[in-house]
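Here is what each chain is made of, one letter per residue.
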Amino acid sequence: MSDAPQQSPPDLHEIFELDGDPGVELEPVISIDRDEDEDDAELDGEFALDADPPAGVGEDAEPPAGAEVDTNGITKPSRRGSRQGFLTDVIVAMELATQRQVDDALESSRGLGTTPERVLVETGALTQDALARALAERYGLDHLDLEVFSVDMNAANLVSTAVAKRYQAVPVAFADKRTLLVAMADPSNVLAVDDIAIMTGYEIRVAVAPPDDIASLVSRLDRLEDVVGESVSSFDEDSEDDGGEVVALHETSDDAPVIKLVNQLVAQAVERGASDLHLAPDGKEMRVRLRIDGVLQDITSVPRKMAAGVVSRIKIMAELNIAEKRLPQDGRVGLVVDGHHVDLRVVTLPSVHGEGIVMRILDKESVVVELDKLGMADAERERFEAACRETHGAVLVTGPTGSGKSTTLYGALQLLNTPEKNIITVEDPVEYEMAGLTQVQVAPKVGLTFAAGLRAMVRADPDVIMVGEIRDRETAQIAIESALTGHLVLSTLHTNDAPSAVTRLIEMGVEPFLVASAIDCVVAQRLARMLCANCKRRTIIPANVLRESGYSARMELEAYEPVGCRRCGGSGYRGRVGLYEVMTVTPEIQTMALERRPSEEIRDVAVRQGMTRLRDDGLQKVRQGRTSIAEIARVVGSG
Ligand SMILES: [Zn+2]
């Protein structure tokens, strides 16, 4: 996957200096595969033999004991290259079916004009996947689990879905610059392999996947195209009107593959639950990354030739000025992807290597989590909820971008959202739409800033005001004043811990006595990745490691560490859990605010009064086996 696609379909022959003759002779596939993988094959062979002494030679070799499955859903064969003998022998050797079942299938296949394998599948003695595994072993090819394997859309785009259906074959990755990895149901279909090689101009390396999986991948590719295509096509019509910009797009790209690529990147991001899609030019090509569970992952790259077209396409979708390439722009576009209404917030970022794009994906239909599901411990949650139930005062949530602050606020709003309460929010952007709320989107271009929105809101007689973020003195002032005049104010701040929220507001210029009397509760939070329940491994964290992580431990700790399996894409983590530090503003802390005491002193008092620090809440979650010590160090630091 790391090998970038070098080419889009239209100019393959030119780029690869093929002589333009579509019938150009390509070597038969299986031999290409062997040539390409000679080193690999030897290695694999050695390992297989070492690991499995009784597997001497030939077709009755056992399948590798725990067949080597990598985290991308690839199972390697016990050795490369086609082996002699019958598929049915391999099936028996791999213990996928008994000799008896195979003999029966052989017998009945004779009269039926079919193969024994097919009989085994049809009678239910063998699953499609088991047959695919046997085929892979028989031909010495990789087996792909397409539910796990992350398909490179650039590769998949090289053949039409019609061709993919006809041959039950889909290119799923670039094995190297000249070679496509193609998932096939029937690896012995040499004709299909030849055709795909000619069509794409790439050499082909075959891997085996069950026909149902290939069919569902093909229909997914089909569907993703259609689904995004519909909502996007209206933008074409709209932009047809102002001819100039469209011409520019036509100049920079062949739009069909560009549109297809953009649609699939977006669809893939939505499907994988990514929060952001990054497109960053790096001089040679454009890297495509997704932020999933808070961590950026490389997905693919866009060939340099297509990069400008992709950027233009996205700018048109977000109604940005495609001629403006030197200044950052900010726009949004609503799409329906696979039945979900998603909002994309598009930001263009000019860099020395050209324009990049960051898209934030807001899935408006995502279910808002209830507070107890966020991972806030009971005692903390009770204090937080008690503050939220007050009729006035301010409750603040702090943390860096991406720490889940707004999820916590929405959780609080969910709690408060009853018909007798008038709840108004001013947000940038409105991340979730919640029934029963009046939600206002900040629009600085027309003068609707947080402060302006907040001022207007206060006049609308709200009981509860939610301000997306306090980032300037004016907003801070109005929010605090509102909290003191009979409104419950919920908002967020960028600080590292809860006590710093008090000092930050004072630094922003709000009078200490206002801060002291307005704030009821501050929650600092982070999101840590949760250990994958499927593969996490029991471990003992030695006391010295705990001490290095900043804990004053004298004993080791039994906990879990990440391993990586197919379910978690090899990362060892799946989903996220919140870490919380909930500070109730007590009279002592109010006094310290009035005295403008530093946040460290406030923190010490808060801890004495029962506040669990972020890092300690993290350690609790390590002990509970929900996350790892490394993950706590990553999100909280070791301070
Ligand atoms: Zn796992």
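Description of the structure in this document. (Residues numbered from 1 in each chain as written. Predicted model: local features only at pLDDT ≥ 70, side-chain atom pairs only at ≥ 80, totals over all residues. Heavy atoms only, no water.)

Structural notes on the packing of helix 17 (residues 450-459) against helix 18 (residues 473-484)
The criterion, for reference: Axis definition: a line fitted to C-alpha atoms, over the contacting stretch in the case of helices. Angles run 0 to 180 degrees between N-to-C directions. Helix and strand definitions follow DSSP, with helices as H or I runs of at least four residues and strands as E runs of at least two, each counted in order from the N terminus. Throughout, the term roughly parallel applies to angles under 35 degrees, roughly antiparallel to angles over 145, roughly perpendicular to angles from 65 to 115, and oblique to all others. Crossing handedness follows the turn of the near helix against the far one: under a right angle anticlockwise gives a left-handed crossing, and clockwise gives a right-handed one. Note on contacts: a residue pair qualifies if any of its non-hydrogen atoms lie within 4.5 Å across the two residues.
Relative orientation of the contacting elements helix 17 and helix 18 amounts to 20°, with a least axis distance of 8 Å. Classified by the angle their axes make, helix 17 and helix 18 are roughly parallel. Here helix 17 runs over helix 18; the crossing is left-handed. The segment helix 17 lies against helix 18, with Phe450, Ala451, Leu454, Arg455 and Val458 engaging Glu474, Thr475, Ile478, Ala479 and Ser482.

What about the side chain of Lys405?
Tracing the sequence through the fold places Lys405 in helix 16 (residues 405-416). Once you skip the residues sitting within four places of it in the chain, Lys405 turns out to touch Val397, Thr398, Gly399, Pro400, Thr492, Leu493, His494 and Gln525.

What about the sheet that holds strand 3 (residues 169-176)?
Backbone-to-backbone hydrogen bonds join strands into a sheet, with any given pair of strands oriented parallel or antiparallel. Which entries qualify depends on this criterion: Here a strand pair is declared whenever DSSP counts at least two bridges between the two strands.
Read across the sheet, five strands follow the order 1-2-5-4-3 without closing on themselves; strand pairing throughout is mixed. Where the open sheet ends on each side, the last strands, each with one partner, are strand 1 (74-75) and strand 3. Summarising the sheet, strand 2 (residues 142-144) and strand 5 (residues 203-208) pair through two bridges and their orientation is parallel. Bridge assignment links Asp142 to a residue of strand 5, and that residue is Ala207. Its contacts with the sheet put helix 7 (residues 128-139) on strand 1, strand 2 and strand 5, and the angle it makes with strand 2 is roughly 160°. Those strands touched by helix 10 (residues 190-200) are strand 3, strand 4 (179-184) and strand 5, and its axis lies near 135° from that of strand 5.

Some points on the packing of aromatic side chains
Here is the rule: Ring pairs shown here join Phe, Tyr and Trp side chains whose ring centres sit within 6.5 Å, with only the six-membered ring taken for Trp; geometry is labelled stacked below 30 degrees between planes, edge-to-face above 60, and tilted in between. Lysine and arginine charges are scored as sitting over a ring when NZ or CZ, respectively, is within 6 Å of the ring centre and within 35 degrees of the ring normal.
Evaluated as defined, the whole model comprises one aromatic pair. The ring of Tyr139 is capped by Arg138, whose NZ or CZ atom sits 4.9 Å from the centre of that ring. The residue whose ring lies beneath Lys536 is Tyr560, and the NZ or CZ to ring-centre distance is 4.5 Å.

Some thoughts on the sheet that holds strand 17 (residues 519-531)
Read from one edge to the other, the open sheet built from seven strands follows the order 14-13-15-16-12-17-20, with strand pairing classed as mixed. Edge strands, defined here as strands with exactly one partner in the open sheet, are strand 14 (438-441) and strand 20 (573-584). Between one strand axis and the next, the sheet turns by 20° as a mean value, whatever way the strands run. Each of strand 12 (393-398), strand 13 (423-427), strand 14, strand 15 (464-467), strand 16 (488-493), strand 17 and strand 20 is contacted by helix 16, which is oriented at about 170° to strand 16, the strand it contacts most. Helix-sheet contacts for helix 18 involve strand 12, strand 15, strand 16 and strand 17, and the interaxial angle to strand 16 is about 150°.

Side note on the environment of Arg537
Note the threshold: Only protein chains enter the calculation, and the probe is 1.4 Å; a residue is then buried if its accessible area is under 20% of its type maximum, exposed if over 50%, and partly exposed in between.
Relative to the helices and strands, Arg537 is located in strand 18 (residues 537-541). For Arg537, a relative accessible area of 45% corresponds to the partly exposed category. Along the backbone, Arg537 and Gly625 are 88 residues apart, and their C-alpha atoms lie at a distance of 9.5 Å. Those residues in contact with Arg537 that sit more than four places away from it in its chain are Ala559, Tyr560, Glu561 and Val563.

Description of unusual backbone geometry
Although it is not a glycine, Glu95 adopts a positive phi angle of roughly 60°. Tracing the chain through its elements places Glu95 in the loop between helix 4 (87-93) and helix 5 (99-112). Accessibility expressed as a relative area gives 67% for Glu95, which makes it exposed. Even without being a glycine, Glu319 presents a positive backbone phi close to 55°. Within the secondary structure layout, Glu319 lies in the loop between helix 14 (304-317) and strand 9 (330-337). The exposed category is assigned to Glu319, whose relative accessible area is 63%.

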